[in-house]
Amino acid sequence: MNTDAPAPEPPVGLRGLLSYARPHSLALWSGGLITTVAALLTLAQPMVAKYFLDGMAVGGGPDVTLILVLSALLVFATVLASVGNYLTERTAEGIVHGVRRDLVRRIMRLRMSVLDHGSPGDLLSRVVSDSNQLRTATTRDLVDLFIGALQFVGIIVLMGYLDLGLLALLLAVVVVVGFAFGAVVPRIRRASLNVQEALGEMGSTLERSLNSLRTIKASGSEEREIAVVTAASERALQQGKRAAVWFSAGSMSTGLLVQVSFLIILGVGGARAATGGLDLSVLVAFLLYLFYLTGPITQLTSSISGLQAGLASLQRIREVQAMPNEEETGAVSWTPASADRPASVSFRNVRFGYDPQVPLFEELTFDVPAGGMTAFVGPSAAGKSTVFSLVERFYEPQAGSVRMDGRDITEWPLDRLRAGIGYVEQEAPVLSGTLRENLLMAAPEATEEELADIISRTRLEGLVGRLENGLDTLVGHRGVALSGGERQRVAIARALLRRPRLLLLDEATSQLDSINEQALQETIREASRITTVMVIAHRLATVREADRILVLERGRIRSTGTHEELVESDELYMELSMHQFAGAEAAPVGAGAQG
Ligand SMILES: Nc1ncnc2c1ncn2[C@@H]1O[C@H](COP(=O)(O)OP(=O)(O)OP(=O)(O)O)[C@@H](O)[C@H]1O
């Protein structure tokens, strides 16, 4: 059931990032620990160097054992670091896959009202690009933060062991630079969010253009569209440049810290060594550690910057997760009618408006009996397609009820309700892929016999025979390789293969040649023998075939009857049949009625 009850808030901030890492904590800890051991082994190297120098200072020659120990340490640490890195990256792939799977599931279940106001391109960028940012933040950056901090502390302790005075000097510099970096951190996050938003905007613009490429080409507006997409890309560029400034400012602080500290410690330590207050080997080891500090500090600053970018993406991912989606009803205590019986539909005092303040239907009431064909006609924007959307529960009425088999559709499990309905949209109802994939989309388990039966019922044998690879021919993006009439019939075949109890058919307004026209009419007639057909009629042939016609005007049913009855009794219908149907068929209703 669709509910507005708020779900428990998913964690945000660092806690939110950790919630993604937690299920993989074993792998992450293993990767992190191995990398830490590698880092600690690296830390031992300056100490070994110190002992090496001390040995030389007291007059001994170079200590071969120490050189061997040093080499072994280096090789072992490098191998360990690679293994740790591999484990972390592997986990990262698992996390990003999980995030994408969750996002796709949510997007597929979003309510239509949300999709109406959202942009598919932006949603796409959240699945592809934001999830990738999250990938680095929840693994590499978290691990680096941990290891960086550990190494930092380790080096500081070792420096303290060498000389506390020099360490105090160094920490003073760290505090000053740390404050400067702290001021940059929130700017990095804001800049990252701006970059991701600009990318989303670019995705939306590109998606809009690609979806209407034919119209764009036909109206010669390629250059204008290129300018629009380029402008979006430029906004992403500007935001990216701004982010780069803050990222660089962050990393500059690392360099500054080490260089400034080096000069101060070299000066002060050198002066002390000159007066004999400090061993030269201690100063050398201290300076070596100072340069070793570059690694963890770089790790810390870049992981903190990366976490900021991850937090910005987490915010965008959380926005998708907070969008209202369609929820399933639990088990029901009643038994829905048998799957092969045509369904009846009724609307009772339905009040609905896309904007609840501006109702399209005030008190819409009508009945569609089980079986046969019921046609809906009416002026443009009267709400005919909206009636179908309400039956499918794409939208919820603000008052009144929509019923199937006499039972309010809100009492039906949503999947069960939709399983009983075949919906053929007016526009581009064919997806890219093969003809077979298109037909089996809604009924993947249909047998070859059922497929052949539906192909025959929808008069598609001719098309299948003509195509080079028959059913396995690719139909192109949105079925461009098919004619408008063929696309409609493929869509009807697909809907019928699902054995619907109710077929909702939004008839194409485009002109069809006489072969396609006749095939389409036979298909609809055939469908109405086995199921309930509700058709939004744009053709004279269809209304003449209908068992009953409902004339919809300004959100209410104005009249009901057969074609012959309505041309006599309803002025609007008469008008529509003269102009609307005639427009779709190039034959006025009078001629058709007499013929
Ligand atoms: N998703 C939507 N969001 C907001 N308004 C909508 C939406 N879909 C349709 N409308 C508006 O609702 C009204 C009824 O639209 P609907 O498509 O149901 O009319 P129709 O009778 O099927 O029209 P036509 O014969 O031109 O297809 C129109 O004014 C339309 O602009």
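Since the structure is predicted, the reported quantities are computational estimates derived from the model, not experimental observations.

### Some remarks on the overall build of the protein chain
Right, on to step 1. What the protein chain contains, in helices and strands, is 21 helices and 10 strands.
Right, on to step 2. Here the C-alpha atoms of the protein chain give a radius of gyration of 35 Å, more than 25% beyond the 25 Å that 2.2 N^0.38 yields for 595 residues.
Right, on to step 3. By principal-axis analysis of the C-alpha atoms, the protein chain measures approximately 120 × 55 × 50 Å.
Right, on to step 4. Within the protein chain, the proportion of its 595 residues that are buried is 37%.
Right, on to step 5. A fraction of 79% describes how many contacts in the protein chain between residues 6 or more apart in sequence connect residues 24 or more apart.

### Focus on the nonpolar core
A general feature of soluble globular proteins is that nonpolar side chains tend to end up buried together.
Right, on to step 1. Counting 65 residues, the largest nonpolar core has A375, F376, V377, A493, L504 and V535 as its most contacted members.
Right, on to step 2. Ranked by size, the runner-up nonpolar core spans 61 residues in total, among them L87, I95, L162 and V195.

### So, helix α2 (residues 25-57)
Right, on to step 1. Between its first and last C-alpha, α2 extends 48 Å over 33 residues, near the 48 Å set by a 1.5 Å rise per residue.
Right, on to step 2. Inspection of α2 places L28, G31, G32, I34, T35, T36, A38, A39, L43 and P46 among the buried residues, and these make up the whole buried set.
Right, on to step 3. On its buried face, α2 is in contact with α1 (13-21), α3 (64-108), α5 (120-162) and α9 (280-292).
Right, on to step 4. Just downstream of α2 lies G59, where phi reads positive at about 100°.

### Things to note about the site of the ligand
Right, on to step 1. Near the ligand you find D116, Y354, L360, G378, S380, A381, A382, G383, K384, S385 and T386, and these make up its full shell.
Right, on to step 2. When the residues that make up the shell around the ligand are grouped by side-chain class, the tally is four nonpolar, five polar and two charged.

### Thoughts on the sheet that holds strand β10 (residues 556-561)
Right, on to step 1. Strand order across the open sheet formed by six strands is β6-β7-β8-β3-β9-β10, with mixed pairing between neighbours. Since the sheet does not close on itself, it has two edges, and those belong to β6 (421-424) and β10, each with one partner. Adjacent strand axes in the sheet meet at a mean angle of 20°, parallel and antiparallel pairs treated alike.
Right, on to step 2. Bridging between strand β3 (residues 373-377) and strand β8 (residues 532-536) involves four bridges; their strand directions are parallel. Pairing of F376 across the sheet is with I536, part of β8.
Right, on to step 3. This element, helix α16 (residues 484-497), spans β6 and β7 (502-506) of the sheet and lies at about 170° to β6.

### Comments concerning the UniProt feature "transmembrane region" (unreviewed entry) in the protein chain
Right, on to step 1. Listed under "transmembrane region" (unreviewed entry) in the UniProt record, and renumbered for this structure, are residues 26-44, 64-87, 142-161, 167-185, 243-267 and 273-293.
Right, on to step 2. In residues 142-161, the share of helix is 100% and the share of strand is 0%. The end C-alpha atoms are 29 Å apart.

### Describing the pairing of β7
Right, on to step 1. The element β7 is largely enclosed, with a buried count of five among its five residues.
Right, on to step 2. Side-chain alternation along β7 places L502, L504 and D506 on one buried face and L503 and L505 on a second face that is also buried.

### So, the sheet that holds strand β4 (residues 399-404)
Right, on to step 1. Judged by pairing direction, the sheet is antiparallel, and its four strands sit side by side in the order β2-β1-β4-β5 without closing on themselves. Strand pairing shows two members of the sheet lacking a second neighbour, β2 (361-368) and β5 (407-408), which therefore form its edges.
Right, on to step 2. Where β4 meets β5, two bridges bridge the pair, whose relative direction is antiparallel. The residue bridging M404 from the neighbouring strand is R407, located in β5.
Right, on to step 3. On top of the sheet, helix α11 (residues 384-391) reaches β1 (345-352) and β4; it is set at about 110° to β1, its chief contact.

### Things to note about the packing of α2 against α5
Right, on to step 1. Where α2 contacts α5, the axes come no closer than 10 Å and their chain directions differ by 30°. One way to sum up the angle between α2 and α5 is to call them roughly parallel. As for how α2 packs across α5, the hand of that crossing is right-handed. Contacts between α2 and α5 involve L28, G31, G32, T35, T36, A39, L40 and L43 on the former and, on the latter, T139, V143, F146, I147, L150, Q151, G154, I155 and L158.
Right, on to step 2. Considered class by class, the residues forming the contact of α2 with α5 number 10 nonpolar, seven polar and no charged.

### A closer look at unusual backbone geometry
Right, on to step 1. One non-glycine residue with positive phi stands out, namely R459, at about 55°.
Right, on to step 2. Relative to the helices and strands, R459 is located in the loop between α14 (448-457) and α15 (461-466).
Right, on to step 3. For R499, which is not glycine, the phi torsion reads 50° and is therefore positive.

### Here's the deal with the packing of α2 against α3
Right, on to step 1. Axis separation between α2 and α3 bottoms out at 8 Å; the angle between their running directions is 160°. When the axes of α2 and α3 are compared, the pair comes out roughly antiparallel. Like other packed secondary-structure pairs, α2 and α3 cross with a definite hand, here left-handed.
Right, on to step 2. Looking at the contact of α2 with α3, its residues break down into 20 nonpolar, 10 polar and no charged.

### Quick word on the environment of V533
Right, on to step 1. When you line up the elements, V533 lands in strand β8.
Right, on to step 2. What V533 contacts, discounting residues up to four positions off in sequence, is M373, L503, L505, I524, A527 and S528.

### Points about the environment of H24
Right, on to step 1. Mapped onto the elements of the fold, H24 is located in the loop between α1 and α2.
Right, on to step 2. Take H24: there are 20 C-beta atoms within 10 Å of it, and that puts it in the buried class.
Right, on to step 3. Taking the C-alpha atoms as reference points, H24 and L166, 142 residues apart in sequence, are found 41 Å from one another.
Right, on to step 4. Dropping the residues within four chain positions of it, H24 is found in contact with T91, G94 and I95.

### Some thoughts on the pairing of β6
Right, on to step 1. Residue alternation in β6 divides its side chains into two sets, I421 and Y423 and G422 and V424, and both sets are buried.
Right, on to step 2. Alignment of β6 against β7, held across four bridges, turns out to be parallel. In the strand pairing of β7, G422 is matched with L503.

The rules behind each value
Residues numbered from 1 in each chain as written. Predicted model: local features only at pLDDT ≥ 70, side-chain atom pairs only at ≥ 80, totals over all residues. Helix = DSSP H or I, 4+ residues; strand = E, 2+ residues; numbered from the N terminus. Rg over C-alpha atoms; globule rule 2.2 N^0.38 Å. Buried ≥ 20, exposed ≤ 12 C-beta atoms within 10 Å, placed from the backbone. Contact = placed C-beta atoms within 7 Å. Core = buried A, V, L, I, M, F, W, Y, C linked by C-beta atoms within 7 Å. Expected span 1.5 Å × (residues − 1). Near = placed C-beta within 6 Å. Nonpolar A, V, L, I, M, F, W, Y, C, P; charged D, E, K, R; others polar. Pairing = 2+ DSSP bridges. Axes fitted to C-alpha atoms, helices over the stretch in contact; angles between N-to-C directions. UniProt positions renumbered as here; feature names shortened; annotations may be inferred. Parallel < 35°, antiparallel > 145°, perpendicular 65-115°, else oblique. Left-handed = near helix turned anticlockwise from the far one by under 90°.

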